[in-house]
Amino acid sequence: MSQLRKLPSKSAPKRLQLANESLEARTLELTNSLEELRAAQDRLVQTEKLASLGQLTAGIAHEIKNPLNSSTISRIFPSS
């Protein structure tokens, strides 16, 4: 932007061109940042899903290997 102020006012088309170039460069930067953020969000969601699946799997494995739960359930719900 400092380049724009240094040019004489008679060179308005040049100032406009510089402003457009600056705006296009900033738009490109923001677009790239947005793409990076979306990719990071996708990775985060995937990580959370895998973590939840791991916790669920660990919980199921614990329940299968824990014989106390089995005997407790059979006392609460006896089979006739």
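Residues numbered from 1 in each chain as written. Predicted model: local features only at pLDDT ≥ 70, side-chain atom pairs only at ≥ 80, totals over all residues. Heavy atoms only, no water.

(A) Geometry of the overall build of the protein. Across its full length, the protein holds three helices and zero strands. Ordered by position from N to C terminus, the α and β elements of the protein give α-α-α. The buried share among the 80 residues of the protein stands at 5%. Of the roughly 7400 Å² that the protein leaves accessible, carbon and sulfur atoms contribute 61%. (Helix = DSSP H or I, 4+ residues; strand = E, 2+ residues; numbered from the N terminus. Buried < 20%, exposed > 50% of the residue type's maximum accessible area, 1.4 Å probe, protein only. Areas by Shrake-Rupley, 256 points an atom, 1.4 Å probe, with all protein chains shown as cover.)

(B) Focus on the pattern of salt bridges. Under the counting rule described, the total for this entry stands at one salt bridge. E29 serves as the salt-bridge partner of R26, at 3.0 Å between the closest nitrogen and oxygen. Here R26 pairs with E29, and both are found in helix α2 (residues 12-65), just three residues apart, close to one helical turn. On the basis of relative accessibility, which here comes to 46%, the residue R26 falls in the partly exposed class. Among the residues examined, E29 registers a relative accessible area of 44% and is labelled partly exposed. (Salt bridge = Lys/Arg side-chain N within 4 Å of Asp/Glu carboxyl O.)

(C) Quick look at the confidence of the model for the protein. Overall, the prediction assigns the protein a mean pLDDT of 84, with 72% of residues at 70 or greater. Per-element mean pLDDT across the protein ranges from 59 in helix α1 (residues 2-6) up to 94 in α2. (pLDDT = per-residue confidence, 0-100.)

(D) Region of the structure containing a nonpolar patch on the surface. A cluster of nonpolar residues, L50, L53, L56, I60 and I64, forms a patch on the protein surface that exposes about 530 Å² of accessible area. On the secondary structure map, I60 appears in helix α2. In this structure I60 comes out as partly exposed when scored by relative accessible area, which is 44%. (Patch = residues over 30% accessible without salt bridge, like charges linked within 9 Å, V, L, I, M, F, W, Y side chains within 5 Å.)

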